[in-house]
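A structural walkthrough
In case you want the letters, here they are:
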Amino acid sequence: MGFARTCSVALVGVEGVVVEVQADLEPGVAAFTLVGLPDKSLTESKDRVRAAVVNSGGEWPQKKLTVGLSPASVPKGGSGFDLAIACAVLGAAERIDPRTLTDIVMIGELGLDGRVRPVRGVLPAVLAAADAGYEQVVVPECTAAEASLVPGVSVLGVRSLRQLIAVLTDEPVPEEEPDEPGRPDTMLAGLCVPGTGMGAGLSGGLDDAHALDLADVVGQTSARTAVEVAATGGHHLFLQGPPGAGKTMLAERLPAILPRLTREESLEVTAVHSVAGMLPPGKPLVDVAPYCAPHHSATMQSLVGGGKGVARPGAVSLAHRGVLFLDEAPEFSSQSLDSLRQPLESGHVVIARSAGVVRLPARFLMVLAANPCPCGRHTLLGDGCECPASVIRRYQARLSGPLLDRVDLKVGVEPVTRSELAGYGTRGDSTQTVADRVRAARERAAARLTGTGWRTNSEVPGHALRTRWPAESGALDAAELDLERGFLTARGLDRVLRVAWTVTDLAGRDRPTAQDVALALQLRTGVSRGVPMAIGALT
């Protein structure tokens, strides 16, 4: 009887569970049994592993073979267990010393010819292995850079099962024939999900030659100020205006003025995109804020996550630490929009399925864009709207009150005038200039929030803002009066105070003044309070 064990990782959402892969050989009729709650793709690994071992020059044991995946209660899926199963079988057959396999975590799919193919979710899998105390990981060669992002783990990237057997048995490592130049690399196909497209693609950084510049947006002083405040404090934004006024242009330029992700944030975002199959080739680490813009026909499951079996990340998780842009927001289903309430408050999504409960990160900056009515011409002078009043009310009511109450900034986007398009007016600041102001303001906020666990003003509870960092005396009088009149909810008052602190950070002051609170109220309610909308006018 022969026995060997090694380890792999099962992904549940974006979290990994280390799985012990055990192989047992006993005398009897040659058979291969796989136990431990595998799914269909994992059950098919029996044929892949057998063919890979034989085509790699190994001998398949003609005995009763049982492979167990422990813990058996955790659902396991995907083809990433192939490499661990093959090595456990070879260890039980004494082709490899079983003692060398015990403390190694193996992740990878095997082709029938023995090549090691990449799989999605390598980064969260290696993170789970490191958290469990493992120090040696074997992954496909083309995902070794992604696995190496985890500190304290020794990563071995292999191209074939033959190479791994040679390394584990101290034999000369065979050279694999390189791919012919000019031919597409089929090995990278395992890293992408078919049909994902670029709808949830990553935004370009400031050094991108094709980056979108905020200076291209003509006019829209109020909306540009709102975008800058949103980027600085992480506040959600609602842009309402007629078609062609520049709502989409503003949203597309928002990721470029956000600061680059920290190392911790980059690992969080990369883990989500790795599981979803959204990592761009040759870029193992995502260091810029992601930008996700789903179509208005998106279902609730595609927004918050879901699917058959174990839930997979949705748009809110793909936009983690970045921007989620919902263009034509009233065209989304009410159920889909209301499903965003919980992640907007908590920064994560909890999805319960029969296969288990999954917690997915979802701390994003939401931007809603909407027309004033179905035809888009309501409130426009000289271009009459033919929509009945009842239709306009129903259209605007699709954005529920509880959802809009969680949006800090509501700004009207006016049509661009002829003189502005002709270039007679002054041009707005460029993306680089605005990004520098946002970064400086975030540094001031970070210095104030040191040791609290909060990173931006939008995360700070209202109680902490009122007690630990109070505004100037009398600065909140106007906001408290709106609360008494019913124009603001208690949540709305807290959000006004958060926006006021963001305006204060942009203006370089120590505490919010009455003018800062007035601008925050103006941005929140859309009602003029007599203060200029340009940040520079407040300093």
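This report concerns the structure included in the present document. (Residues numbered from 1 in each chain as written. Predicted model: local features only at pLDDT ≥ 70, side-chain atom pairs only at ≥ 80, totals over all residues. Heavy atoms only, no water.)

1. Concerning the overall build of the chain
The condition that has to hold: Counting from the N terminus, the helices are DSSP H or I runs at least four residues long and the strands are E runs at least two residues long. Buried, partly exposed and exposed residues are distinguished by accessible area as a fraction of the type maximum, computed with a 1.4 Å probe on protein chains only: under 20%, between the cut-offs, and over 50%, respectively. We call two residues in contact whenever any of their non-hydrogen atoms come within 4.5 Å of each other. Residue burial considers only the protein chains on display, and all accessible areas are found by Shrake-Rupley using a 1.4 Å probe. All tallies of charge rest on Lys and Arg as positive and Asp and Glu as negative; His and the ends of each chain are not included. Working definition for charges: the position is that of NZ of Lys, CZ of Arg, CG of Asp or CD of Glu.
Check the secondary structure of the chain and you find 21 helices and 16 strands. Along the longest, intermediate and shortest principal axes, the C-alpha atoms of the chain span 85 × 50 × 45 Å. Counting every position in the chain, which comprises 539 residues, the buried fraction comes to 50%. Look at the contacts in the chain between residues 6 or more apart in sequence, and 71% of them connect residues 24 or more apart. For the chain, the exposed surface amounts to about 23800 Å²; the carbon and sulfur share of it is 51%. For the chain, the separation between the mean place of its 53 positive charges and that of its 60 negative charges on side chains is 5 Å.

2. Quick word on helix H9 (residues 263-276)
Going by this rule: Expected helix span is taken as 1.5 Å per residue step, with the number of steps being one fewer than the number of residues.
Along its 14 residues, H9 runs 20 Å from first to last C-alpha, staying within 8% of the 20 Å computed at 1.5 Å per residue. Of all the residues in H9, the buried ones are Glu265, Ser266, Leu267, Val269, Thr270, Ala271, Val272, His273, Ser274, Val275 and Ala276. If you follow the buried residues of H9, they end up packed against strand E1 (2-12), helix H4 (122-131), helix H5 (144-147), helix H11 (315-318) and strand E14 (356-361). Phi turns positive, to about 75°, at Gly277, one or two residues after H9.

3. Quick look at helix H6 (residues 161-168)
Burial runs high along H6: six of the eight residues are buried. Of all the positions in H6, only Leu161, Gln163, Leu164, Ile165, Ala166 and Leu168 are classed as buried. At the C-terminal side of H6, Asp170 shows a positive phi close to 60°.

4. Things to note about the pattern of salt bridges
Stated precisely, the cut-off is as follows: Throughout this description, the term salt bridge denotes a Lys or Arg side-chain nitrogen within 4 Å of a carboxyl oxygen of Asp or Glu.
Evaluated as defined, the whole model comprises 27 salt bridges. Among the ionic pairs, Arg253 bridges to Asp216, the shortest N-O distance being 3.6 Å. With a gap of 37 residues between them, Arg253 in helix H8 (residues 247-257) and Asp216 in the loop between H6 and helix H7 (221-233) connect regions that are remote in the sequence. In this structure Asp216 comes out as partly exposed when scored by relative accessible area, which is 39%. Look at the salt bridges and you will find they share partners, linking Glu345, Asp405, Arg406, Asp408, Arg491, Arg495 and Arg524 into a network.

5. Thoughts on the environment of Gly376
With respect to the helices, strands and loops of the structure, Gly376 is situated in the loop between strand E15 (365-370) and helix H14 (389-396). Using a relative accessible area of 0% as the deciding quantity, one classes Gly376 as buried. Residues Gly376 and Arg5, 371 residues apart in the sequence, show an inter-C-alpha distance of 65 Å.

6. A word on the pairing of strand E3 (residues 31-35)
On any regular strand, side chains alternate: one points to one face of the sheet, the next to the other face. In plain terms, the rule: Being paired, for any two strands, means DSSP has found at least two bridges between them.
Every second residue of E3 is oriented toward a common face, the buried set being Phe32 and Leu34 and the non-buried set Ala31, Thr33 and Val35. Two elements, E3 and strand E4 (residues 64-70), share five bridges in a ladder whose sense is parallel. Note on E4: the bridge partner recorded for Thr33 is Thr66.

7. Quick look at the packing of aromatic side chains
Note on aromatic pairs: each is described by the distance of the centres and the angle between the planes. In plain terms, the rule: Here is the rule: rings of Phe, Tyr and Trp (six-membered ring for Trp) pair when centre to centre is within 6.5 Å. Planes less than 30 degrees apart are stacked, more than 60 are edge-to-face, and the remainder are tilted.
For the structure on display, the rule yields two aromatic pairs. Ring centres of Phe32 and Trp60 lie 5.6 Å apart, and the angle between their planes is 40°; on these two criteria the pair is classed as tilted. Of the two residues, Phe32 sits in strand E3 while Trp60 sits in the loop between helix H2 (45-55) and E4, which places them 28 residues apart along the sequence. By the burial criterion, Phe32 is buried, and Trp60 matches it. Look at Tyr291 and Phe325: their rings are 6.4 Å apart centre to centre, the planes differ by 25°, and that puts the pair in the stacked class. One end of the pair, Tyr291, is in strand E11 (residues 291-292); the other, Phe325, is in strand E12 (residues 323-326), with 34 residues separating them in the sequence. Here Phe325 falls in the buried class, since its relative accessible area comes to 2%.

8. Points about the environment of Val316
By the element assignment, Val316 lies in helix H11. The sequence separation of Val316 and Glu268 amounts to 48 residues, and the corresponding C-alpha distance is 13 Å. The residues touching Val316, leaving out its near neighbours within four places in the chain, are Leu303, Val304, Leu324, Leu340, Val349, Pro361, Ala362 and Phe364.

9. Remarks on the side chain of Gln163
Heads up, the condition is: We define a polar contact as two N or O atoms separated by no more than 3.5 Å, with the added condition that, inside protein, one atom must be a possible hydrogen donor and the other a possible acceptor, whereas residues neighbouring each other in sequence contribute only through side-chain atom pairs.
By the element assignment, Gln163 lies in helix H6. Residue Gln163 is classed as buried on the basis of its relative accessible area of 11%. At 3.0 Å, the side chain of Gln163 and the backbone nitrogen of Arg159 are in polar contact.

10. So, the packing of H2 against helix H3 (residues 82-92)
Geometry of a packed helix pair, given as the angle between the helix axes and the separation of the axes. Our working rule: A fitted line through C-alpha atoms represents every axis, and for helices the fit uses only the stretch in contact; the resulting angles, taken between N-to-C directions, go from 0 to 180 degrees. An angle counts as roughly parallel when it lies under 35 degrees, as roughly antiparallel when it exceeds 145, as roughly perpendicular when it falls between 65 and 115, and as oblique in every other case. Take the far helix as the reference: if the near one is turned anticlockwise from it by less than a right angle, the crossing is left-handed, and if turned clockwise, right-handed. When residues are grouped by polarity, Ala, Val, Leu, Ile, Met, Phe, Trp, Tyr, Cys and Pro land in nonpolar, Asp, Glu, Lys and Arg in charged, and all others, Gly among them, in polar.
At a minimum axis distance of 10 Å, the contact between H2 and H3 shows a crossing angle of 60°. The angle between the axes of H2 and H3 places the two elements in the oblique class. Classified by chirality, the crossing of H3 by H2 is right-handed. Taking contact as the criterion, the partners of Ser45, Arg48, Val49 and Val53 in H2 are, on H3, Asp82, Ile85, Ala86 and Leu90. Of the residues that constitute the contact of H2 with H3, the class distribution is five nonpolar, one polar and two charged.

11. Side note on the sheet that holds E11
Pairing within the open sheet is parallel, and its five strands lie in the order E11-E12-E15-E10-E16. Two strands close off the open sheet at either side, each with one partner strand: E11 and strand E16 (409-412). As paired elements, strand E10 (residues 237-240) and E16 share four bridges and run parallel to each other. Considered in E16, the bridge of Leu239 is made with Val411. Together, E10, E15 and E16 form the strand contacts of H7, whose direction differs from that of E16 by roughly 160°.

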